[in-house]
Amino acid sequence: ASGLTRPEGITADSGNVYWTASDTVRNETVLMAVPKGNAVATILASGPIAPGVIATDASNVYTCADGDIMQVPITGDVPTVLAAQGGCGPMAVDANSLYWAKDESVYDDVDNATFNQRATIMRVSLAGGPATVLASIDGWISRIAVDGTSVYWLGRISGESVVMRLTPKWPL
């Protein structure tokens, strides 16, 4: 696809590879798909998509647009809002849920100049419904992974790089 620059984020399923890229012709971000072993890429979605924020399962690609979690069918059908959140970051998906990090800067009330990073790990059912906060940390999150029993995240807390495991008391 011509006009694509700054490819960011990549994920794959059994049949396709997906990525986000800036489209200089359309002046927006696009969600691309290409079948494995094929050189013809297609645009699944376009608009104010967050570059690099992407995950997939057997039926959908998940991304962020205008701060909302979007569910984009791999068949190219119309994307839908899975969760309206006002922000999202790294994502991971399992058989039942989508997980993501939502980072924000919290400014000091006194001088409004110093700030701390705050991150929240969120979850929503793939069938839809309300999003749930799983954990909040002072710091930021750069990656999330799930394995069916735990949610893992990589980030920084108090200037230190950390890998953390969140083992919930509820089923994933």
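Cut-offs applied
Residues numbered from 1 in each chain as written. Predicted model: local features only at pLDDT ≥ 70, side-chain atom pairs only at ≥ 80, totals over all residues. Heavy atoms only, no water. Core = buried A, V, L, I, M, F, W, Y, C linked by side-chain atoms within 4.5 Å. Buried < 20%, exposed > 50% of the residue type's maximum accessible area, 1.4 Å probe, protein only. Helix = DSSP H or I, 4+ residues; strand = E, 2+ residues; numbered from the N terminus. Contact = heavy atoms within 4.5 Å. Pairing = 2+ DSSP bridges. Axes fitted to C-alpha atoms, helices over the stretch in contact; angles between N-to-C directions.

### A closer look at the nonpolar core
Counting residues in each nonpolar core, the largest one holds 15 residues, and the members touching the most others are Tyr62, Ile69, Leu82, Cys88, Met91, Leu98 and Trp100. Elements with a contribution of two residues or more to this core: strand 5 (49-56), strand 6 (60-65), strand 8 (80-84), strand 9 (91-93), strand 10 (97-107) and strand 11 (115-125). If we skip the residues at most four places from it in the chain, Ile69 touches Thr63, Thr80, Val81, Leu82, Ala83, Cys88, Met91, Leu98 and Trp100. One finds Ala101, Ala119, Leu134 and Ala135 within the second-largest nonpolar core, a separate group that totals twelve residues.

### Quick look at the pairing of strand 2 (residues 16-23)
With seven of its eight residues buried, strand 2 lies for the most part within the structure. Examined bridge by bridge, strand 1 (residues 4-12) and strand 2 share six bridges and lie antiparallel to one another. Bridge pairing in strand 2 places Thr5 opposite Ser22. In this antiparallel pair of consecutive strands, strand 1 and strand 2, the connection spans three residues. Here strand 2 hands over to strand 3 (residues 28-35) after four residues, with Asn27 in that stretch at a positive phi of 60 degrees.

### A closer look at the pairing of strand 3
The buried count for strand 3 comes to six of eight residues, which makes it a mostly enclosed element. Bridge count between strand 3 and strand 4 (residues 42-47): five bridges; the pairing is antiparallel. Paired with Ala33 across the bridge in strand 4 is Thr42. Hairpin geometry of strand 3 and strand 4 is characterised by an intervening segment of six residues between the two adjacent antiparallel strands and by a positive phi of about 85 degrees at Gly37.

### Regarding the environment of Ile144
Along the polypeptide, Ile144 turns up in strand 13 (residues 140-146). Between the alpha carbons of Ile144 and Pro90 there is a distance of 6.0 Å; along the sequence they are 54 residues apart. Here Ile144 is in contact with Pro90, Met91, Ala92, Tyr99, Trp100, Ala101, Ile121, Val151, Tyr152 and Trp153, once residues within four sequence places are set aside.

### Things to note about the sheet that holds strand 7 (residues 68-73)
With antiparallel pairing, four strands are arranged side by side in an open sheet as 5-6-7-8. The open sheet has two edge strands with one neighbour each: strand 5 and strand 8. With strand direction ignored, the average angle separating the axes of adjacent strands in the sheet is 30 degrees.

### Some remarks on the environment of Ala50
Of note, Ala50 is situated in strand 5. Residues Ala50 and Thr20 lie 30 residues apart in sequence; the distance between their C-alpha atoms is 8.1 Å. In contact with Ala50, other than residues within four places in its own chain, are Thr20, Thr63 and Cys64.

### Some points on the environment of Met32
Position of Met32 relative to the elements: it lies in strand 3. Along the backbone, Met32 and Ala45 are 13 residues apart, and their C-alpha atoms lie at a distance of 7.4 Å.

### Focus on unusual backbone geometry
In this structure, Asp66 takes a positive phi of about 55 degrees despite not being glycine. Within the secondary structure, Asp66 is located in the loop between strand 6 and strand 7.

### So, the sheet that holds strand 3
Read across the sheet, four strands follow the order 1-2-3-4 without closing on themselves; strand pairing throughout is antiparallel. Edge strands, defined here as strands with exactly one partner in the open sheet, are strand 1 and strand 4. Here the strands of the sheet are splayed against their neighbours by 25 degrees on average, with no regard to which way each runs.

Don't take any of this as a statement about function, it's just geometry.
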